[in-house]
Amino acid sequence: MVLLATWLANIQSQFILCFIQDDRWKRYILKGLGNTIKMAVFAVIIGIIIGIIVAIVRSTHDKTADTAHKGFGRAILNIVNGICHVYLTIVRGTPVIVQIMIYYYLIFASSNNGVLVGIIAFGINSGAYVAEIFRAGIMSIDQGQFEAGRSLGFNYVQTMRHIIVPQAFKNVLPALGNEFIVLLKETSVAGYVAVMDLTKGAYIIVGRTYTAFMPLIGAALIYLVIVMFLEWLFHKLERRLRNDER
Amino acid sequence: MTNGEVLIRVEGLEKHFKGGAIKALNGVDAEVHKGEVVVVIGPSGSGKSTFLRCLNLLEVPTGGHIFFEGTDITNPKININIHRQKMGMVFQHFNLFPHMTVLGNMTIAPIKLLKQSKADAEAKAMKLLERVNLADRAQAYPNQLSGGQKQRIAIVRALCMEPDVMLFDEPTSALDPEMVGEVLEVMKQLAATGMTMVVVTHEMGFAREVGDRVLFMDGGLLVEQGGPEEIFGSPKSERLQAFLSKML
């Protein structure tokens, strides 16, 4: 009994020390969480935009390889496809930590806005993975769907928009949800470029208070809650889209 | 029937795949007249499906010309999408859009391409559904339908665009035997309305009964053509005789 009471008192004093004292919850945890969410949300948006464009370029190139008329348009498509290929290879072939440090210390060396650099770095990184997810989705749709659309008189873009992409999106939703979860957690490396995100905030508290338990477990719980919320959200979206068919 | 004006004229049609390694069509000349039902038969690998798919340029020919309503649609400068609106196509595997209801499948093209209002497009679609006895399935999704129902929907989906010709690519080959009849019945009805049809099929009974003209293809060539009595009654070429003896 006595043991339990001292343990509880200990926990309480640790909690006060780590979060309440000096408004640490606000200065490190809340502010860090804000930066984490800011980076994750904007990076997701950039990633989706890049991903859709790259996926459509790549799958258009692959799908029309032997049917298209040879000409100027085809040459442009080949070049753009080549650029996309290089982008995918570099981004997927190097660690995101190295990428973000290259952006911060080399490319945007004159900028001190770590959060913005983080958004750009994570967005460009995520775009490569989203592109491959979308491409897999587009390629998973039976060629007959494409032919049916074209045979009714839809052009390539209309067929993609009305027939292929809605089906592809539904198929890739689980993979896309996974990518967002990974991205959210990946922002925790932003501390390497002096961004105070949630992880860095918790780490600062560890340094100030010489206690590791509370800040780290606290940060972990916050990530966990956000991820669980995302999982719930995607599960709901998936169910809603599937319900349409039955 | 065959005296009507020429709707499709095919001249020296060639289709080679993989840079000439596979020669699916080796110079086919043919004509389809208005109001005519042309049935294309031949062994598998004879190029009959490729021939049909070239007619609306789903396969881009590597040689020759196709004139549809007087326009050379093999000319890369023309907008093929406009001409495809006038050529309905029915596929072996139905290719209904699984994320839309039956009504959605039928109305998307008229709404988006012909700029019909949703109400108009749906009213027309319902009329067609009644013609194929599927009005009660208007709100169903494709995976709730049987194969025969799917194919009947695919036919009326194409009809919603009010095409000048209907292309059928082995429309009954993926069906269970007991469902073949209902699809052929719809096609017969359609032929009776005077619709121009080009049908690739293995259904010799249908070819005989409904076809105005039968084309026999083999080895990427149009080997023999004529009325169904000539083709089935007194085949001239050896290859057609051999083919028919295996089929009948």
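Cut-offs used in this document
Residues numbered from 1 in each chain as written. Chains lettered and ligands numbered in written order. Predicted model: local features only at pLDDT ≥ 70, side-chain atom pairs only at ≥ 80, totals over all residues. Heavy atoms only, no water. Salt bridge = Lys/Arg side-chain N within 4 Å of Asp/Glu carboxyl O. Helix = DSSP H or I, 4+ residues; strand = E, 2+ residues; numbered from the N terminus. Buried < 20%, exposed > 50% of the residue type's maximum accessible area, 1.4 Å probe, protein only. Contact = heavy atoms within 4.5 Å. Buried area = accessible area lost by both parts, 1.4 Å probe. Polar contact = N/O pair within 3.5 Å; in protein donor to acceptor, adjacent residues only side chain to side chain. Nonpolar A, V, L, I, M, F, W, Y, C, P; charged D, E, K, R; others polar. Expected span 1.5 Å × (residues − 1). Arc of directions from axis to C-beta. Pairing = 2+ DSSP bridges. Axes fitted to C-alpha atoms, helices over the stretch in contact; angles between N-to-C directions.

K.L.:
Outline the pattern of salt bridges, supporting the account with residue identities and numerical values.
P.N.:
Evaluation of the coordinates by the stated rule reveals 16 salt bridges over all chains. Ionic pairing is found between R53 of chain B and E147 of chain A, a salt bridge with its closest N-O pair at 2.7 Å. With R53 of chain B in helix α1 (residues 48-55) and E147 of chain A in helix α6 (residues 143-151), this pair bridges two chains. Comparing R53 of chain B with E147 of chain A shows no difference in burial state: the two are buried. The partner of E182 of chain B in a salt bridge is R152 of chain B, and the shortest N-O contact between them spans 2.9 Å. Residue E182 of chain B is found in helix α6 (residues 177-192), and its partner R152 of chain B is found in helix α5 (residues 147-159); the two are separated by 30 residues along the sequence. Judged by relative accessible area, which is 27%, E182 of chain B ranks as partly exposed. On the accessibility criterion, R152 of chain B (11% relative accessible area) is buried. Overlapping salt bridges bring together R58, D62, R92, E132 and R135 of chain A as one network.

K.L.:
Can you tell me about the interface of chain A and chain B, naming the residues and giving the values?
P.N.:
Contacts between the two partners involve 23 residues from chain A, matched on the other side by 27 residues from chain B. Carbon and sulfur atoms make up 58% of the area that chain A and chain B hide from each other, which totals about 2,300 Å². Where chain A packs against chain B, one counts one salt bridge. Across the contact surface, chain A and chain B share six residue pairs in polar contact (both at pLDDT 80 or more). Elements supplying a minimum of two residues to the side of chain A that touches chain B: α6 and α7 (156-186) of chain A. Considering every element that reaches the side of chain A that touches chain B, the biggest residue donor is α6 of chain A, with seven residues. Across the side of chain A that touches chain B, the residue classes break down as five nonpolar, 11 polar and seven charged.

K.L.:
For α6 of chain B, give the residues involved together with the corresponding values.
P.N.:
All names here are of chain B. For α6, built from 16 residues, the straight-helix expectation of 22 Å at 1.5 Å per residue is met to within 8% by its first-to-last C-alpha distance of 24 Å. Taken residue by residue, α6 has M179, V180, V183, L184, V186, M187, L190 and A191 as its buried positions. In a view along the axis of α6, the buried residues occupy a sector of 155°, so they form one face of it. Among the exposed residues of α6, those oriented more than 90 degrees off its buried face are E178 and A192. Elements that come into contact with the buried residues of α6 comprise β3 (37-41), α4 (118-131), α5, β7 (165-169), β8 (196-200) and α7 (204-210). Taken from the residues just after α6, G194 is the one with a positive phi, measuring 95°.

K.L.:
Kindly report on the sheet that holds strand β4 (residues 63-68) of chain B, identifying the contributing residues and their values.
P.N.:
Strand pairing in a sheet relies on backbone hydrogen bonds, with the paired strands running either antiparallel or parallel. Residue and element names in this part refer to chain B. One open sheet holds the four strands; their spatial order is β2-β1-β4-β5, and the pairing between them is antiparallel. Each edge of the sheet is formed by a strand with only one pairing partner; in this case those strands are β2 (22-33) and β5 (71-72). The sheet contact formed by strand β1 (residues 6-17) and β4 spans five bridges and is antiparallel. Its bridge partner being in β4, V10 is matched across the sheet by I66. The strands that α1 touches are β1, β2 and β4; relative to β1, the one it contacts most, it runs at about 120°.

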